[in-house]
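Chain residues, written in single-letter form:
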Amino acid sequence: MTKLPLAGMGRIIPTELHEEMEHSYLEYAMSVIVGRALPDVRDGLKPVHRRIVFAMHELGLTPDRPFRKCARVVGDVLGKYHPHGDQAVYDALVRMVQDFSSRYPLLAGHGNFGSVDNDPPAAMRYTETRLSPVATGAVLADIDQAIIDFSPNFDNSQQEPTVLPVQLPVLLLNGCSGIAVGMATNIPPHNLGEVVDGLIALIDNPGLEDHVLWRLIPGPDFPTGGVILSSDGTQSAYHSGRGLIPVQGVSHLETLRSEKRRSRSRTAIIVTELPFQVNKAAWIEKIASLVNQGRIEGISDLRDESDRTGMRVVIELKRDTDPQAILDILYRTTPLQSNFGAIFLALVDNKPVQLSLRQILEEFLSFRETTLIRQYTHELEESSQRLDVLAGLRTALANIDSVIDILRSAPDGSTAKAQLQVRLDLTPPQADAILAMPLRRITGLEQTKLEQEYDALLTRIQELETLLNDRRERSKAMKKELRRLKKQFSDRRRTRILEPIPPLFLSPVVEIPPAIEADLLSLDTPAPVKEIPAPAAEIIASTPVATVSKAPKAKQAPLSLFTPQTPAEDAVLSLTAQNKIAWHSPTDHVDDQSPLIFVTPVQNQETLWLMTDQGKVYGVAVKEIPPLSLTRLPLVSFLPKAAQAETIVSQFFAPDTFSERDLVLLTEQGRIKRLGMAELADCGSRGLSLIKLKEDDRLQFVIPLATDQAETQNLVLATSSGRLLRLPLQDSYFPRLSRTAQGQQAFRVRSGESLVGGLVLNPKENLYLLTQWGWGKALPLEAIRLAKLEDLGTTVIQFMSKNDHLVGLFSSQGSGEILIRTTQDRWLTLAPHQFTEQGKDGPGDRLLELMPEEQVNWAWSPNCNNHFR
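Residues numbered from 1 in each chain as written. Predicted model: local features only at pLDDT ≥ 70, side-chain atom pairs only at ≥ 80, totals over all residues. Heavy atoms only, no water.

Now, about the confidence of the model for the protein: what can you tell me, with residues and values included?
Per-residue confidence for the protein gives a mean pLDDT of 83; residues scoring 70 or more make up 87%. Of the regions scoring below 50 in pLDDT, residues 865–869 engages in 30 contacts with residues more than four places distant in sequence or in other chains. (pLDDT = per-residue confidence, 0-100. Contact = heavy atoms within 4.5 Å.)

Here it is as structure tokens:
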């Protein structure tokens, strides 16, 4: 027992030591939990992160302003809000900049902020930072003391926000990790687009079943990519707030040839992605240590070839070594496969609570609705006050002679104010506004502006009252805001899921909420166009191309998902309109939700060539394409990680000999180049550049050209404004150029105009033209004059609307239907016979009965190698 003296009171209070220790320790624990270690479920931030973001907001470090030294930011945070060590603040700031730590970084950095090798960042006096667009657009927007609560800082000299008015659930988007006293949190990051879809579904249907919600948010999306091996751990975490999520790195096999002896080659495992928070340098050291200890045999060399373009760790294997066996050992003994221990722990009303995914989303929606109510209430008060002032100004202008008489006869301002209130029945604020009104307000133009402002305020006040009184309208406003943010900040999923939850349309036992069902499945069928059912929202993430294993069972090696294999002789490759590919037997039932646009026998085909908008080509071995029974992979997943941000503009198989074909390359700025396909023979794993592009130019279309027919064919180029340029393809006029050439300027693309496409045709053939608003016609190629390079071309269609433009150019070869997608996500088809042959003048015929505001935004034909957007 101890005795605690009370200073100045002369009394001693006896207390048990264990009780005092328990009480004091709990107070300390709660102060750590609330004040440091755990994030708030509302804005997803810990106090230090919230203070950094708010301090930078006060400094005006917006994305359109120059970077500022991190030392200045850290100093402001320490001096105003966070009385702790400067290194702790700087470490938190660094993590908010690192794109490999945060899925959607709230800060942008300039300088060395560390790396995945755990390299330390430069000192704060060298690095610079500012807010990112996500921070200003979705975290700090509308920040005001009337909308969120502020509290005094540590010395009562400043006010700081207790929570930020976030418009997106940052807790899920960037995740969070922290160790408190007796508890910890470890929330994985998620994809913004998927989280928004889940929020909208909950707004539409608060009683949404968990398994339906999990289909919309199928799993975490780590900034470093990787593969989630099983959905079991994810579902456990989403249901109970705790679970183990197995994550695996991404690798593929390459054949490396010796520079000294070309005939000698070795197989290498190339690792391009590691699980989240794995230290690459430490992982490589771990492999080297295991090799030196003799625990891994068959590795001849290990090196890190990572650069600014992405990660690339090369593991060279000895001859006759089984790559899959080496991978299995690496998965078992190194962090190439690891478990992410998810703990969804956050502060709810300043109390630590372990939450499910649904509870996190519901807490955010509740907070966002409260924030919007306060925002609308504050805006309504300000608008009502302003409307009252405008009403007084309108009264003054209507009685301008009386106002002038009062002002002229009044001895001082106070008397004038009193007389205005009495004679014109005005309130004190209205009288003050009239006294402060400049003389220019008497002019007719200023009076008109006053009336317009008054009418606009009346309309806005009615809207605000509706939003405050009608929860359905408030929910619509929330959904509109979420869709806007999704459009502005959403990006493609980085982490693939090996065993995703099946999509909605594949689960007949799931009761789909009416709002989601309407979005995915409701379609109208306008005659006379044949309509294909629209695909449902893309929910399943793609799996990796090369060796990826499932989660291992106890004391067993992990099973391989897909080992590169040679398809059967009768197999065919099929590609969907969403650029997903797989091979299968011709007799297999193919149940794709997206229409097929490309089907070809696999036999005798070795390489699929993919060309991107950066002017590069990548070769994909057919054996690396998985069978349909396993999955259908997006084409972009076959590109190296550093190139996956590029857009694939064309894909094709090369003939038996490269010399049989050339390539015609067209760029956005109207440059054209003819290139021998033999140049593709030197293409390596990192791709090959086929055209030198200017900084602001991109490759847009690639057209294969048969060399034995080129002398008799013409090239036709089309622009969105309806201009067509017809060029001869003779070697003397249109010669082959080297890979390093920029090409020739075919024509100048005007302002507001874009390249629609290009075709190689015989002079006797017809062209099919299609516009954005569904008008089209057939046009004989001979009706277009033969032109020269940089010619203006020939205008071949007159649009019925100024807002219409050309979106499709097709050939009359064959009889394949034209596949069309609209802005309402409807799939339509047009048969060639529906195009009526006409001359250059006129808009053609109305071929598509589109809904109001609906437009054509994509069209494709089997006879055309290009996708039109």
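Talk me through the pattern of salt bridges; I want residue IDs and the actual numbers.
As enumerated under the stated definition, the model contains 44 salt bridges in all. A salt bridge links E369 to R471, with the shortest nitrogen-to-oxygen separation between them at 2.9 Å. Pair noted here: E369 is in helix α12 (residues 357–398) and R471 is in helix α17 (residues 471–489), with a separation of 102 residues, a long-range link. Its relative accessible area of 12% is what places E369 among the buried residues. E473 is the partner of K476 in a salt bridge, and the nearest nitrogen-oxygen pair spans 3.5 Å. (Salt bridge = Lys/Arg side-chain N within 4 Å of Asp/Glu carboxyl O. Helix = DSSP H or I, 4+ residues; strand = E, 2+ residues; numbered from the N terminus. Buried < 20%, exposed > 50% of the residue type's maximum accessible area, 1.4 Å probe, protein only.)

Explain a negative patch on the surface to me, and be specific about the residues and the numbers.
A surface patch of negative charge is lined by D142, D144, E381 and E382. With respect to the helices, strands and loops of the structure, D142 is situated in the loop between α5 (133–138) and β6 (150–152). The partly exposed category is assigned to D142, whose relative accessible area is 42%. (Patch = residues over 30% accessible without salt bridge, like charges linked within 9 Å, V, L, I, M, F, W, Y side chains within 5 Å. Areas by Shrake-Rupley, 256 points an atom, 1.4 Å probe, with all protein chains shown as cover. Lys, Arg positive; Asp, Glu negative; His and termini not counted. Charge placed at Lys NZ, Arg CZ, Asp CG, Glu CD.)

Can you explain the environment of P640? Please cite residues and give values.
When you line up the elements, P640 lands in the loop between β26 (633–634) and β27 (648–653). P640 sits in the partly exposed class, given a relative accessible area of 25%. For the pair P640 and R686, spaced 46 residues apart in the sequence, the C-alpha separation amounts to 6.8 Å.

Give me the lowdown on the side chain of E194, citing residues and values where you can.
Within the secondary structure, E194 sits in helix α7 (residues 192–204). Beyond its immediate stretch of four places on either side in the chain, E194 contacts L216, I217, P218, G219 and R493.

Can you break down helix α11 (residues 323–333) residue by residue, with the values?
Counted residue by residue, α11 has 8 buried out of 11 residues, so it is predominantly covered. The set of residues buried in α11 consists of P323, Q324, I326, L327, D328, I329, L330 and Y331. A distance of 3.2 Å separates the backbone nitrogen of Q324 from a side-chain oxygen at the start of α11, and that oxygen is part of D322. (Polar contact = N/O pair within 3.5 Å; in protein donor to acceptor, adjacent residues only side chain to side chain.)

So what's going on with the sheet that holds strand β4 (residues 107–110)? Residues and values would help.
Here 3 strands make up an open sheet; going across it, the order is β3-β5-β4 and the pairing antiparallel. The open sheet terminates on both sides in strands that have one partner only, identified here as β3 (68–69) and β4. Two strands pair when backbone bridges link them, and β4 and strand β5 (residues 128–131) are joined in this way by 4 bridges, in the antiparallel orientation. Across the sheet, the residue bridging to G109 is T129, located in β5. Along the sheet, helix α2 (residues 47–58) contacts β4 and β5; its crossing angle with β5, the most-contacted strand, is approximately 85°. (Pairing = 2+ DSSP bridges. Axes fitted to C-alpha atoms, helices over the stretch in contact; angles between N-to-C directions.)

How would you explain the packing of aromatic side chains if you had to name every residue and give the values?
Overall, the coordinates contain 8 aromatic pairs when judged by the stated rule. Note on F222 and F276: the rings are 5.3 Å apart at their centroids and 25° apart in plane angle, and the pair reads as stacked. Of this pair, F222 sits in the loop between α8 (210–216) and β10 (227–228) while F276 sits in the loop between β13 (265–273) and α10 (280–292); the two residues are 54 residues apart in sequence, bridging distant segments of the chain. The pair formed by F222 and F276 is uniform in burial state, with each residue classed as buried. Relative to F835, the ring of Y768 lies with its centre 4.8 Å away and its plane at 20°, an arrangement referred to as stacked. Here Y768, found in strand β36 (residues 766–771), pairs with F835, found in the loop between β41 (827–830) and β42 (845–846); they are 67 residues apart in sequence, far enough to count as distant. Each member of the pair, Y768 together with F835, is buried. What links up through ring pairs into an aromatic cluster is the set F54, Y81 and F150. The ring of Y454 carries R394 above its face, with NZ or CZ at 4.1 Å from the centroid. (Phe/Tyr/Trp six-rings, centres within 6.5 Å; stacked < 30°, edge-to-face > 60°. Lys NZ or Arg CZ within 6 Å of the ring centre and 35° of its normal.)

Break down the sheet that holds β42 for me, citing the residues and quoting the values.
Taken in spatial order, the 4 strands line up as β39-β36-β37-β42 in an open sheet, and their pairing is antiparallel. The open sheet has two free edges, formed respectively by β39 (806–811) and β42, since each of these has just one partner strand. Bridge count between β36 and β39: 5 bridges; the pairing is antiparallel. Its bridge partner being in β39, L767 is matched across the sheet by S811.

Which residues make up the side chain of D43, and what are the values?
Take D43: it is sitting in the loop between α1 (17–37) and α2. With a relative accessible area of 0%, D43 lands in the buried category. Among the polar contacts made by the side chain of D43, one reaches the main-chain amide nitrogen of L45 at a distance of 3.1 Å. Side-chain polar atoms of D43 contact the side chain of R50, separated by 2.8 Å. Those residues in contact with D43 that lie beyond four places of it in its chain are R50, V163, L164, V166, V170 and L171.

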